[in-house]
Structure formats: C-alpha cells, structure tokens
Amino acid sequence: MLSIDPKTLSTSKLHGYLLSAVAPRPIAFASTVDVDGRANLSPFSFFNVFSANPPILIFSPSRRVKDNTVKHTLKNVLKTREVVINVVSFDMVHQASLSSTEYPEGVNEFEKAGFTMLKSDIVKPFRVAESPVQMECKVNDIIELGTEGGAGNLVICEVVKLHIDKDVLNEDGSINQEKLDLVARAGGSYYSRAKKGFFEIPKPLTTLGIGIDNFPEDVKNSMVLTGNDLGMLGNVESLPTEADVDNFIKDISKRYPNIKTATHRQKHKLARNYLSFGDVESAWKILLS
C-alpha cells in the first residue's frame, strides 16, 4: 500500500491521484453569460446534486494549477449569479470536450464546439439544445476553498426551471437511464459511458483547436458526420495543406479509385470510417480533397 501525505506532493500530482481515485464523476456542462451578454460554455466534473427541496446542484470551477488564474465561468457567475447546467450524453461528448479548450475571453464555445444556443425561460444564459436535460439555475452562494492554484470554488445553484427531452422518458414520465446515455469523467483522458463503461478522449490541445465554426460549410452541415465526429475534427490546430491533401489522395487512390470524383456524402462516409479509428488527420485530408 502506497501511503502519501498530500502536503508532500505537487498540486498537479495530487490532482491526478484525486481525479483517478474519485471516479467516474458526473459532468456539469455549464452555460453562463458575462455582464455584456456574451455566451460561455464549459464542462466541469467537480459536480453533483445535493438537495431536492430546495433543488440544489453544486459544481466547482477550480483555479488553474499552472498560473493560478480563474475560469471565465467563475468570473461570470460571480457577476451575474445565473447559470444553466446541461447534462452530457454520449452523442455530444466529443463536442463537450472540445468546448473545454482554453479559448480567449469573449469567444463563444457554443460556436466553437458546434452546439445550438437555446434561449432560457427564466435566466439569461443559454441552454444547450443538444443536451437531453437542461437546468436553469440561480446561484445562491459561491464558497472559495482557497487562493492558490488548484483551489475549488463551490458554486451552489438552485434549479428554477427543468427541461427534459421527451425522447429520454419512460411511459410513466420517469427518465430512462439507458436512453439518457450519460457520460462521466475519470482520471487522465478517461471517460465512462454509464451503460457501457470506460473509453478515452484525447485531451483538447494546449494550443487552440480550430473549432467547428471554422469548418467548410459542407463539413459543418454534414448529414453524415455526427456531433462527436465534428468534435474530433474541431480539435486540430490547423487544417492539412493542399499539398498534403494531394499526396494523401494519391496514396489511397489504389484502394479508393473513385475518390477524386466522389460526392461530399461519399467522402464524409469514408472520413467517418477513419475517425472511428481515431485518425483525424486522414479524415480531414479526405474531406478537403
């Protein structure tokens, strides 16, 4: 048995142990706005439900370990005292991961990650239309747990309006957990799919992914590529060059002799096949050919 005094570890090392040991953790996909009404969207796995009467959720945006700065979400809730907590299903998990990229303040992660902004009924922050359950919340309190990098900030939220997709309900009106198909976070790059177990998603780039808003229109509006496919494609720093695309197409033309004359739909299906193996670079070269 390895026995450790937390005070002897670096914050990053301790952080890794804690996140791997306390897992899987549900994900609060928190939507906020700043004082100018600009939207922000970010996932947090320090999250759970703590009361039904009143209905209370708590999530914790931690101070960044690397430079002790705070997330835009925390800045927003401190000033506006409102947030929407959206749940994350498997069908949207890659897009949710992309939204965790550290884009500059004022950048709209709804657009970067390809989500639809849905106006809330009571609070100002927008809901994520693709999320099967969306909870509009007023912030009752924010408790600062420390002032150094890695310290959490408990955002205590009271649910004032609940929205549930009818497609995830049973005939008696209760939520069907298998239809809801939630995902949760574990340590490192691991996630857990509630009904199927662990899987991995590479962490977003330390540099900025291009985001779905910068895709060619035929890719952005694809009838073949899923939200998860788009999320994977959006987490690249730059698109392949024209020369790289040409060389790749020459290499695969023996296997796919009709690739140069293929329709968008045909290329999208082939690109999706490459994405199923995690080969994002090749998928992009096919889409851009």
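As a reminder, the structure under discussion sits directly above these lines.
Reading the values: rules and limits
Residues numbered from 1 in each chain as written. Predicted model: local features only at pLDDT ≥ 70, side-chain atom pairs only at ≥ 80, totals over all residues. Heavy atoms only, no water. Pairing = 2+ DSSP bridges. Helix = DSSP H or I, 4+ residues; strand = E, 2+ residues; numbered from the N terminus. Salt bridge = Lys/Arg side-chain N within 4 Å of Asp/Glu carboxyl O. Buried < 20%, exposed > 50% of the residue type's maximum accessible area, 1.4 Å probe, protein only. Core = buried A, V, L, I, M, F, W, Y, C linked by side-chain atoms within 4.5 Å. Contact = heavy atoms within 4.5 Å. Axes fitted to C-alpha atoms, helices over the stretch in contact; angles between N-to-C directions. Parallel < 35°, antiparallel > 145°, perpendicular 65-115°, else oblique. Phe/Tyr/Trp six-rings, centres within 6.5 Å; stacked < 30°, edge-to-face > 60°.

Student: I'd love a proper account of the pairing of strand β4 (residues 47–52), names of residues and values included.
Tutor: With five bridges connecting them, β4 and strand β5 (residues 55–59) associate as antiparallel partners. For Ala52, the partnering residue across the bridge sits in β5 and is Pro55. Between β4 and β5, which pair antiparallel in sequence order, lie two residues.

Student: Quick rundown of the pattern of salt bridges? Include the residues and the values.
Tutor: According to the stated counting rule, one finds twelve salt bridges in the structure shown. A salt bridge links Lys112 to Asp213; its shortest N-O distance comes to 3.5 Å. Here Lys112, found in helix α4 (residues 109–113), pairs with Asp213, found in the loop between β13 (197–200) and α6 (217–220); they are 101 residues apart in sequence, far enough to count as distant. The class of Lys112 is buried, set by a relative accessible area of 14%. Classification of Asp213 as partly exposed rests on a relative accessible area of 28%. Salt bridges sharing common partners tie together Arg64, Lys71 and Glu102.

Student: Describe in detail the sheet that holds strand β11 (residues 183–185), supporting the description with residues and values.
Tutor: The four strands are arranged β1-β11-β12-β13 in an open sheet whose pairing can be described as antiparallel. Only two strands of the sheet have a single partner each, and these edge strands are β1 (25–26) and β13. Direction of pairing for β11 relative to strand β12 (residues 190–193): antiparallel, over a ladder of three bridges. For Val183, the partnering residue across the bridge sits in β12 and is Arg193.

Student: Which residues make up the nonpolar core, and what values go with them?
Tutor: Core analysis: the biggest nonpolar cluster contains 41 residues, and Leu233 and Trp284 have the highest contact counts within it. The element contributing the most residues to this core is helix α10 (residues 280–287), with five residues. Not counting chain neighbours up to four residues away, the residues in contact with Trp284 comprise Ile210, Phe215, Pro216, Val219, Leu233, Val236, Leu239 and Pro240. Ranked by size, the runner-up nonpolar core spans 22 residues in total, among them Phe47, Val133, Val168 and Leu180.

Student: With reference to specific residues and values, describe the packing of helix α8 (residues 242–252) against α10.
Tutor: When two helices pack together, their arrangement is given by the angle between the helix axes and the distance between those axes. Closest axis-to-axis distance for the α8/α10 pair is 9 Å, and the angle between their directions is 95 degrees. As summarised for this structure, α8 and α10 are arranged roughly perpendicular, according to the angle between their axes. Of α10, the residues touching α8 (which contributes Asp244, Val245, Phe248, Ile249 and Ile252) are Ser282, Lys285 and Ile286.

Student: Let's hear about the packing of aromatic side chains: which residues, and what values?
Tutor: Tallied over the entire structure, the rule returns four aromatic pairs. Both rings, one in Phe215 and one in Trp284, keep their centres 5.0 Å apart while their planes meet at 90 degrees; by these two values the pair is edge-to-face. You can see Phe215 sitting in the loop between β13 and α6 and its partner Trp284 sitting in helix α10, a full 69 residues away along the chain. For Phe215, a relative accessible area of 4% puts it in the buried group. When its relative accessible area of 1% is taken as the criterion, Trp284 is described as buried. Ring geometry for Phe248 versus Tyr274: centroids 6.2 Å apart, planes at 70 degrees, classification edge-to-face. Residue Phe248 is located in helix α8, and its partner Tyr274 is located in helix α9 (residues 264–275); the two are separated by 26 residues in the primary sequence.

Student: Before we move on, can you summarise unusual backbone geometry with the specific residues and values?
Tutor: Of note, the amide linkage connecting Ala23 to Pro24 takes the cis form, showing an omega dihedral of -5 degrees. If you trace the backbone, Pro24 turns up in the loop between α1 (11–21) and β1. Here the amide bond leading from Asn53 into Pro54 is cis, since omega sits at 5 degrees, within 30 degrees of zero. Backbone geometry at Asp181 places phi at a positive 55 degrees, although glycine is not the residue there. Tracing the backbone shows Asp181 in the loop between α5 (177–180) and β11.

Student: For the side chain of Ser97, give the residues involved together with the corresponding values.
Tutor: Among the structural elements, Ser97 can be located in helix α3 (residues 93–99). Relative accessible area serves as the criterion here: at 6%, Ser97 is assigned to the buried category. Not counting residues within four places of it along the chain, the set of residues in contact with Ser97 comprises Tyr191, Ile201, Pro202 and Pro204.

Student: Could you give an account of the environment of Lys119, with specific residues and numbers?
Tutor: Topologically, Lys119 is positioned in the loop between β7 (117–118) and β8 (127–128). Sequence separation between Lys119 and Lys195 is 76 residues, and the spatial gap between their C-alpha atoms is 31 Å. Once you skip the residues sitting within four places of it in the chain, Lys119 turns out to touch Phe126 and Arg127.

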